[in-house]
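Notes for the structure review
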Amino acid sequence: AFSSLHHENGLTSRTPLAMVPPVTQEELNGGSITRDTPSVEDVAPDLDIEADLAPIPITFVASTPSSTKRQLPSNWLGEKLYVLSTAALIGILTGTNIAVFKTAVELVREALYGDGVILPFLNPALWNELKGEDILTITLRISETIPIWLIPAFGGILVGLLLTIGDMPPGLRDTVKEVDLDSMRATNATPPDELLACVNLTPASERNDLARFSRKAVAATLTLGTGNSLGPEGPSVEAGMSLSRLLMNNKIFGKVSRVFGTLEDMELSEMQRVNRKVARDRLLLACGAAAGVSAGFNAPLSGVFFALEIVQNSLVPIDFPLKQAANTNSNIEQKSEIQVATVGGEALALQQINISAILLASVVSALTIQLLLGNELALRLGSFDFKNPLIELPLYLLLGALAGVTAAIFSGVAQLSKSTFDGEEGPEIVRDVFKGIPKYAKPVIASLFCGIVSLFVPQVLFFGYETLNGLFLNSNIFSTEYLFVLLAAKLMTTAVSASSGLVGGTFAPSLFLGGVLGAGFHNVVADSLQVLVEQHPELSAYPIVQGISGLPAFAMVGAASVLAALFRAPLTASLLLFECTRNYDVILPLMASAGVASLTGDIVEKWLDEDQRDKDPVSWGDLATRLYEDVDDDA
């Protein structure tokens with residue numbers, strides 16, 4: 001066994017624990033101890049060793065290990081200008097990309113489900129005399145040709161074909177691993193074995209990232225345009241991260257960036273250069289993610305908090321070995337001192353330049369998409385009154401707890417569905433069948449499932465936020481019973497879609513689930529209070545039984561709560577609903593409910609499985625896609 005006992009200049013020395021003499025109480029009370037370990041001859045005199053092993057100094061420090069001292073870069077101003085300029089460029093590119101993406105999804109959906117898409121058609125005979133009246137048009141209308149319930153399967157088939165062409169980039173966690181590996185290779189450093197074991201990725205100069213990213217963007221367009229039960233915000237986040245990675249690895253952009261001076265200080269040690277490069281690339285990745293959320297929802301503040309609250313959790317520190325040698329002879333093999341430095345362990349919020357860059361990328365992305373598509377809110381809230389916010393607070397907290405349970409159920413169903421598609425769950429005959437199904441056929445199965453369910457519950461298909469906005473606009477269009485049927489159907493179709501290989505996110509579905517849950521909860525409470533007053537008229541004097549706030553309030557609180565519980569991001573969820581509706585009255589009960597939902601979801605998932613959140617490959621949609629297995633997962 002080895003014990004991490006030596007901390008000096010941010011490094012760690014690992015020494016055989018059996019060679020360390022016991023520590024006395026007097027030495028412990030001193031707070032810091034420096035001593036030499038005995039030689040091997042003292043511990044094992046019978047061993048035949050030609051030369052003594054030099055004693056290894058061990059230092060105990062009462063406080064936590066000190067991190068490597070930060071040094072002011074030689075070109076610190078140029079680096080800050082580079083980061084801010086790149087963040088602004090990421091915002092422009094991401095906003096433009098997502099505007100094109102949303103337009104493409106709308107065109108596909110209109111061609112398949114709507115009145116058709118009118119396409120220009122130029123008569124070849126009149127090519128030389130190009131005039132307005134010479135341009136003919138054709139109308140592309142698919143819904144008149146095939147049944148509507150088969151349209152999602154059309155998208156599943158096309159996504160399956162894309163899977164046969166080549167791989168697609170992974171979700172958030174594994175994208176961070178790829179970026180870390182590229183960063184270390186860019187500094188000519190040797191990546192740690194743990195990272196190489198997790199990421200089987202060819203060098204950036206030998207792979208076509210643009211093709212990988214484009215395949216996933218087209219797959220997302222086809223998935224959502226054909227109505228499959230996922231959302232556009234996950235692909236929006238991935239689009240921002242992909243564009244930031246293209247800039248990081250682009251040789252031309254690298255040459256242009258030299259206008260800011262030399263970003264790599266060769267006077268620094270290898271570990272310091274690696275740490276700077278990893279931190280810089282992680283920051284740009286977070287800028288892309290923030291820009292994606294900002295443009296996807298037209299919510300720049302939510303984009304910033306998404307980066308600080310969700311992306312930050314994926315930026316885990318890396319143990320970077322600085323020295324690893326070996327001494328051997330005929331009878332013993334002994335590793336010498338192994339020095340390990342922590343790389344990438346600093347939180348994004350600790351540096352002012354990080355906050356500034358993320359803010360800039362998010363704001364520029366929102367302004368860009370507003371310029372291209374207009375300043376339209378994703379969610380529209382109708383007029384309603386909060387009658388007794390303080391008295392109703394227990395109801396909102398209860399709704400938050402139910403939202404946490406709903407998110408945990410969705411996560412569990414999604415992971416069960418993923419295991420079934422992988423041939424790891426279910427009866428033996430089911431496992432054998434799914435093991436024999438090729439990867440490209442699984443999206444077809446999921447899309448057929450969505451189409452069949454839509455025959456009975458049409459609202460499960462993705463048509464933007466029409467159903468959710470109907471609830472927010474106080475349109476009591478569904479009965480209470482149908483709301484809970486819709487909740488179960490949407491949960492199942494989203495879980496199956498996310499686990500099959502279809503490309504899309506779970507932001508929009510989680511908002512949908514929460515909105516439907518909140519509306520159903522409102523109806524149950526309102527009907528219960530009405531029955532209570534009818535049976536006990538003397539209670540009518542109490543404010544709570546005189547009526548509760550409108551359905552939009554509970555639908556909005558429920559939407560934010562399920563989102564907060566699923567992504568463990570109560571602040572992001574609260575700000576997102578506030579920015580999307582611009583209604584401040586609901587923010588206080590919404591924040592309270594989102595906090596309870598996040599805590600409840602965490603408790604339920606840990607009760608079911610302690611490691612469920614870290615190994616969850618599906619409930620975040622394409623943001624959770626895993627391509628690489630962690631070393632610890634195989635143990």
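The residue count restarts for each chain, going from 1 along the sequence in the order it is written. Per-residue local features of the predicted model are confined to residues with pLDDT of at least 70, and side-chain atom pairs are confined, for both listing and counting, to 80 or more; whole-chain, interface and lining totals are unaffected and use all residues. To get the side-chain values, all heavy atoms of the structure are used, and hydrogens and water are removed first.

1. Things to note about the overall build of the chain
Across its full length, the chain carries 22 helices and ten strands. The long-range fraction of contacts in the chain, counting pairs at least 24 apart against all pairs at least 6 apart in sequence, stands at 77%. Accessible surface is estimated by sampling points in the Shrake-Rupley manner with a 1.4 Å probe; for residues, cover comes only from the protein chains shown. Of the roughly 29800 Å² of accessible surface on the chain, a fraction of 60% belongs to carbon and sulfur atoms. Secondary structure elements are defined from DSSP: runs of H or I of at least 4 residues count as helices, runs of E of at least 2 residues count as strands, and each element is numbered from the N terminus. In this description, contact between two residues means that some pair of their heavy atoms is separated by no more than 4.5 Å.

2. Some details on the nonpolar core
Ranked by size, the top nonpolar core spans 98 residues in total, and within it Phe297, Ile358, Phe472 and Leu577 carry the most contacts. With 14 residues, helix H19 (residues 551-567) is the single largest residue contributor to this core. When neighbours within four sequence positions are excluded, Ile358 is seen to be in contact with Leu283, Ala286, Cys287, Ala290, Val304, Ala307, Leu308 and Leu348. By nonpolar core we mean a set of buried residues, namely Ala, Val, Leu, Ile, Met, Phe, Trp, Tyr and Cys, connected to one another through side-chain atoms within 4.5 Å. Exposed residues in this analysis have more than 50% of their type's maximum accessible area, buried residues have under 20%, and partly exposed residues fall in between, with area computed by a 1.4 Å probe over protein chains only.

3. Considering the pattern of salt bridges
Opposite charge on two side chains permits them to pair, given that their charged atoms come into close proximity. The working definition used for a salt bridge is a side-chain nitrogen of Lys or Arg within 4 Å of a carboxyl oxygen of Asp or Glu. Summed over the entire model, instances satisfying the criterion amount to 17 salt bridges. Among the ionic pairs, Asp422 bridges to Lys418, the shortest N-O distance being 4.0 Å. A single salt-bridge network, built from bridges that share partners, covers Asp167, Glu178, Asp182, Arg207, Asp209, Arg212, Arg215 and Arg245.

4. A few points about helix H17 (residues 480-500)
Over its 21 residues, H17 extends 31 Å from the first C-alpha to the last, a length consistent with the 30 Å expected when each residue adds 1.5 Å. Counting buried positions over the 21 residues of H17 gives 15, a clear majority of the element. Just past H17, the residue Gly501 takes up positive phi, approximately 115 degrees. Expected helix span is computed as 1.5 Å times (number of residues minus one).

5. Remarks on the packing of helix H11 (residues 300-314) against helix H12 (residues 352-373)
Put simply, H11 and H12 touch, their axes get as near as 8 Å, and they point 140 degrees apart. Considering their axes alone, H11 and H12 lie oblique with respect to each other. The element H11 and its partner H12 pack so that their crossing is right-handed. Of H12, the residues touching H11 (which contributes Pro300, Gly303, Val304, Ala307 and Leu308) are Ile355, Ile358, Leu359, Ser362, Val363 and Ala366. The residue makeup of the contact of H11 with H12, split by class, is nine nonpolar, two polar and no charged. The convention used is that axes are lines fitted to C-alpha atoms, helices contributing only their stretch in contact, and that angles between N-to-C directions extend from 0 to 180 degrees. Between 65 and 115 degrees an angle is taken as roughly perpendicular, under 35 as roughly parallel, over 145 as roughly antiparallel, and anywhere else as oblique. Note on convention: near helix rotated counterclockwise from far helix by under a right angle means a left-handed crossing. Clockwise means right-handed. Under the grouping applied here, Gly and all other residues not named as nonpolar or charged are polar, the nonpolar ones being Ala, Val, Leu, Ile, Met, Phe, Trp, Tyr, Cys and Pro and the charged ones Asp, Glu, Lys and Arg.

6. Digging into the side chain of Thr86
Position of Thr86 relative to the elements: it lies in helix H3 (residues 76-113). When its relative accessible area of 2% is taken as the criterion, Thr86 is described as buried.

7. Some remarks on the packing of aromatic side chains
Between the rings of Phe, Tyr and Trp (Trp by its six-membered ring), a pair exists once the centres lie within 6.5 Å; its type follows the angle of the planes, with under 30 degrees stacked, over 60 edge-to-face, and the other angles tilted. Enumeration according to the criterion identifies ten aromatic pairs in this entry. Pairing Tyr113 with Phe463 gives two aromatic rings, centres 5.0 Å apart and planes at 90 degrees, and the pair type is edge-to-face. In this pair, Tyr113 is assigned in helix H3 and Phe463 in the loop between helix H15 (442-454) and helix H16 (466-472), connecting sequence segments 350 residues apart. Residue Tyr113 is classed as buried on the basis of its relative accessible area of 18%. Classification of Phe463 by relative accessible area gives partly exposed; the value is 26%. Site record: aromatic cluster; members linked through ring pairs are Phe297, Phe306, Tyr465, Phe507 and Phe567. Should the NZ of a Lys or the CZ of an Arg lie within 6 Å of a ring centre and within 35 degrees of the ring normal, that charge is described as sitting over the ring. Lying across the ring of Phe512, Lys490 places its NZ or CZ 5.0 Å from the centre.

8. Some remarks on the environment of Val562
Of note, Val562 is situated in helix H19. On the basis of relative accessibility, which here comes to 2%, the residue Val562 falls in the buried class. Linking Val562 and Ala594, residues 32 residues apart in sequence, is a C-alpha distance of 7.6 Å. Every residue in contact with Val562, bar those within four places of it in the chain, is listed here: Ala403, Ala407, Ser510, Leu513, Gly514 and Leu517.

9. Remarks on the environment of Ala366
Among the secondary structure elements, Ala366 is positioned in helix H12. For Ala366 and Phe297, which are 69 residues apart along the polypeptide, the C-alpha to C-alpha distance reads 8.6 Å. Ignoring any residue separated from it by four or fewer positions in sequence, one finds Ala366 in contact with Ser294, Asn298 and Pro300.

10. Quick notes on the packing of H3 against helix H7 (residues 209-225)
Put simply, H3 and H7 touch, their axes get as near as 8 Å, and they point 40 degrees apart. Put simply, H3 runs oblique to H7. With respect to the hand of their crossing, H3 and H7 are arranged in right-handed fashion. For the pair H3 and H7, the contacting residues are Phe101, Ala104, Val105, Val108, Arg109, Leu112 and Tyr113 in the first and Ala217, Ala220, Thr221, Leu224 and Gly225 in the second.

11. Some points on unusual backbone geometry
Positive phi, normally seen in glycine, also occurs at Asn298, with a value near 55 degrees. Here Asn298 shows up in the loop between helix H10 (270-297) and H11.

12. Thoughts on the confidence of the model for the chain
Each residue carries a pLDDT score, the predictor's own confidence in it, on a scale running from 0 to 100. For the chain, per-residue confidence averages 78 on the pLDDT scale, and 74% of positions sit at 70 or higher. Per-element confidence in the chain is highest for H12, whose mean pLDDT is 95, and lowest for strand S4 (residues 57-61), whose mean pLDDT is 37. Low pLDDT, under 50, characterises residues 130-137; the predicted model gives this stretch 16 contacts beyond four residues in sequence or across chains.

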